[in-house]
Amino acid sequence: MKKSFKFMFVLAVMLFSGKLITNAESSYWNNYFNEKNPISTTGQCGYGGGGLTNWESHSNNYTIKIGGCGSSSDPFTFWSTWYTNNELYFDVTDVTAKSSNDSIVSVEVKPYDFSKEQEEFEKYVDWYKSLSLDEFNKLYLEYYNSDENPVKPLEEKPEWWKYNNELDEYNDDYETEPTTWWEAYHLKEKPSNAVEILTNAHDLGNATITLSASSKDPINIDWTISVRDFDPSPLTGKFDNKAQGLIEILNNLDKYKEIVPIRGDSDYDNYNFSYYVEENEDLSGVINALKGKDITLYFNGYSEVGEESYYLNGLDIKNTVGKGFTYDHKISMETSVNKEKIDELVDLKDAIYIDFTYHGALPTNYNLNVNIKEYLANQFFDKLECDKYELYSSEMYACTDNANKELKEYLKNTEFTLLYFNPETNKMEVVKDKLKADEFGNVVLEFEHFSSYVLAANYQLKEPVLSSINNAQTSSVDVVFYGILAIISLGGIIYIGLKKKTN
């Protein structure tokens, strides 16, 4: 009796304290999919993912991903679109459905009457037939006419089904005019006894739906619910906290191992997940969760100077990073957070200042390519006064060619030095000298920690410098850098790329 009373007391405490599993806080992915149902093979692309389906076993994959779906703006096209994202089956009775794992994918069966398909077909035909020739040509020219491909107005408005045959290369041909919606959908008769299979996701993973119907063998639909791109864009079904979603996967790899994308062999898909980095975003949680795991993240984002991207594998991470860690940095010829102190120590009349937002230990050594070619090009262009020639003239092309030759020769023969400002000693330290630009104008820089740095072709010290190398060079600055800095990614464990902005 006492034991029973004790059990009831504990149960009551759990109920009122919210400790029962049923009242436990849902995971990130449970909350995410709670607002994204139902799912379809099209992801977030609207209608068109469902439709009539053959009664046979198959696989479906719902992948949260970056990118839109595209559409045709041709105002006259009739799209035989199914107005559901669910699979449709017709001429079936007593259909039942069961999921192998309701916590990942749940399923229900509902009748389907095709009323929306009929409505949209009739609306389209009525609208098309109501257009006058002038109204038709106005829309026709707005869509097709351009300076590169001029077209003339049509002398006669084609019938809608002939227009779809002859002018719309993406649509199927009609031999005669369809008079019913199902003929427009290329069906021989109106489908009857139709059902749609509503599939709702609740978590990432794999689950199998089994469908049964009278006088038919059961079939299986193998669903995979996965994610590859962590992006805040509404096109992906916006992540409210994409870092939390990725961290949940990284901290539960045994649970989610089946949906981790396999890395490819090319430079473009040699990663498991991509992650869009917002400006000054704190990446410490993601990187610390990644540490020690054979998972490669492809970070990509945008900064003031262009597109930024880099790769990081968890097995290469040596250090846990502090809160606020970010790869964000600013590069400028004019200013630096420590410019006044740096200028007191060294004559850097035309140097490049590199300031990392985060100061402290890195997950692992960080490789950065600074591309100086594009903004040196402006200097040689100005030196030869190429802008005095008419744009696109032969003289302009010849002058630009000569400027590029001089620039190429300069990069071939010039050495650069990376300097570090040590705020503790108030000294400049030579990180590395005799750095050479490659054929693309990239100077390779490697960092063990983030702080304030200076890249100079030549420099003049105002007092002795602390050197981390044996042969630091000192001389007067003899070159001026002007233009826009582009930072491009490098191979290795972390790859950074910043492309020059288009003006």
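Residues numbered from 1 in each chain as written. Predicted model: local features only at pLDDT ≥ 70, side-chain atom pairs only at ≥ 80, totals over all residues. Heavy atoms only, no water.

Draft legend 1. Molecular detail of a nonpolar patch on the surface. A cluster of nonpolar side chains, Leu391, Tyr392 and Tyr397, forms an exposed patch at the surface whose accessible area comes to about 410 Å². Relative to the elements of secondary structure, Leu391 occurs in the loop between helix 11 (373–383) and helix 12 (394–413). (Patch = residues over 30% accessible without salt bridge, like charges linked within 9 Å, V, L, I, M, F, W, Y side chains within 5 Å. Areas by Shrake-Rupley, 256 points an atom, 1.4 Å probe, with all protein chains shown as cover. Salt bridge = Lys/Arg side-chain N within 4 Å of Asp/Glu carboxyl O. Helix = DSSP H or I, 4+ residues; strand = E, 2+ residues; numbered from the N terminus.)

Draft legend 2. Up close: helix 7 (residues 242–250). Summarising burial for helix 7: seven of the nine residues are buried, a large majority. Looking at helix 7, one finds that the buried residues are Lys242, Ala243, Gly245, Leu246, Glu248, Ile249 and Leu250. (Buried < 20%, exposed > 50% of the residue type's maximum accessible area, 1.4 Å probe, protein only.)

Draft legend 3. Looking closely at the pattern of salt bridges. For the structure shown, the criterion picks out 13 salt bridges. Residues Lys242 and Glu278 are paired through a salt bridge, measuring 2.8 Å at the closest nitrogen-oxygen approach. With Lys242 in helix 7 and Glu278 in the loop between strand 10 (273–277) and helix 9 (284–290), the pair connects residues that are 36 residues apart, well separated along the chain. According to the relative accessible area criterion, Lys242 is buried, its value standing at 4%. Residue Asp401 is joined to Lys405 by a salt bridge in which the shortest nitrogen-to-oxygen separation is 3.5 Å.

Draft legend 4. Region of interest: the sheet that holds strand 7 (residues 205–213). The strand order across the open sheet built from four strands is 2-8-7-4, with neighbouring strands paired in mixed fashion. Bordering the open sheet on either side are strand 2 (58–64) and strand 4 (96–99), each of which pairs with just one other strand. Across the sheet, the mean angle from the axis of one strand to that of its neighbour is 20°, orientation sign disregarded. (Pairing = 2+ DSSP bridges. Axes fitted to C-alpha atoms, helices over the stretch in contact; angles between N-to-C directions.)

Draft legend 5. Broad picture of the side chain of Asn422. Here Asn422 shows up in strand 16 (residues 416–422). Engagement of the side chain of Asn422 in a polar contact is seen with the backbone nitrogen of Glu424, the distance being 2.9 Å. Apart from the residues lying within four places of it in its own chain, the contact partners of Asn422 are Lys427 and Glu429. (Polar contact = N/O pair within 3.5 Å; in protein donor to acceptor, adjacent residues only side chain to side chain. Contact = heavy atoms within 4.5 Å.)

Draft legend 6. Highlighting the sheet that holds strand 1 (residues 51–52). Pairing in this open sheet of four strands is mixed, and the strands run 1-3-6-5 from one edge to the other. One side of each edge strand has no neighbouring strand; the edge strands of this open sheet are strand 1 and strand 5 (105–111).

Draft legend 7. Structural view of helix 4 (residues 133–144). Compared with an ideal rise of 1.5 Å per residue, which puts 12 residues at 16 Å, helix 4 spans 16 Å between its outermost C-alpha atoms and is within 8% of the ideal. Every buried residue belonging to helix 4 is among Phe136, Asn137 and Tyr140, and all of these are buried. Buried residues in helix 4, looked at end-on, bunch into an arc of 95°, giving them a common side. Summarising the geometry of helix 4, the exposed residues directed more than 90 degrees from the buried face are Asp134, Lys138 and Glu142. (Expected span 1.5 Å × (residues − 1). Arc of directions from axis to C-beta.)

Draft legend 8. Structural view of the pairing of strand 18 (residues 442–456). Counting buried positions over the 15 residues of strand 18 gives 11, a clear majority of the element. In the sheet, strand 15 (residues 352–371) pairs with strand 18 via 12 bridges, with the strands oriented antiparallel. Pairing of Leu368 across the sheet is with Leu445, part of strand 18. Summarising the sheet, strand 16 and strand 18 pair through five bridges and their orientation is antiparallel. Across the sheet, Leu419 pairs through a bridge with Val454, a residue of strand 18.

Draft legend 9. Seen up close, unusual backbone geometry. You will see that Asp91, though not glycine, has its phi angle at about 55°, which is positive. With respect to the helices and strands, Asp91 occurs in the loop between strand 3 (87–89) and strand 4. A positive phi angle is found at Tyr392, which is not glycine, with a value near 70°. Tracing the backbone shows Tyr392 in the loop between helix 11 and helix 12. Using a relative accessible area of 63% as the deciding quantity, one classes Tyr392 as exposed.

Draft legend 10. Region of interest: the environment of Glu196. Topologically, Glu196 is positioned in strand 6 (residues 195–201). Overall, the relative accessible area of 12% leaves Glu196 in the buried class. Aside from chain neighbours lying at most four places away, what touches Glu196 is Thr84, Asn86, Glu87, Leu88, Glu108, Val109, Lys110, Pro111 and Tyr112. Engagement of the side chain of Glu196 in a polar contact is seen with the side chain of Asn86, the distance being 3.1 Å.

Draft legend 11. Highlighting the nonpolar core. Trp29, Phe299 and Phe447 are the most contacted members of the largest nonpolar core, which totals 78 residues. Sequence-distant contacts of Phe447, that is, excluding residues within four places in its chain, are made with Phe356, Leu362, Asn365, Tyr366, Leu368, Leu418 and Tyr453. Within the second largest apolar cluster, 21 residues are counted, among which are Trp82, Leu88, Phe114 and Ala184. (Core = buried A, V, L, I, M, F, W, Y, C linked by side-chain atoms within 4.5 Å.)

Draft legend 12. Spatial organisation of the packing of aromatic side chains. Taken as a whole and judged by the stated rule, the model has 55 aromatic pairs. With 5.6 Å between their ring centres and 75° between their planes, Phe78 and Phe121 make a pair best called edge-to-face. Linking Phe78 in the loop between strand 2 and strand 3 with Phe121 in helix 3 (residues 115–130), this pair joins segments that are 43 residues apart in sequence. Residues Phe78 and Phe121 agree in their burial class; the two are buried. Ring geometry for Tyr420 versus Tyr453: centroids 5.3 Å apart, planes at 35°, classification tilted. (Phe/Tyr/Trp six-rings, centres within 6.5 Å; stacked < 30°, edge-to-face > 60°.)

Draft legend 13. Spatial organisation of the side chain of Thr417. With respect to the helices, strands and loops of the structure, Thr417 is situated in strand 16. The exposure class of Thr417 is buried, given its relative accessible area of 1%. Ignoring any residue separated from it by four or fewer positions in sequence, one finds Thr417 in contact with Val430, Lys432, Asp433, Lys434, Leu435, Val454, Leu455, Ala456 and Tyr459.

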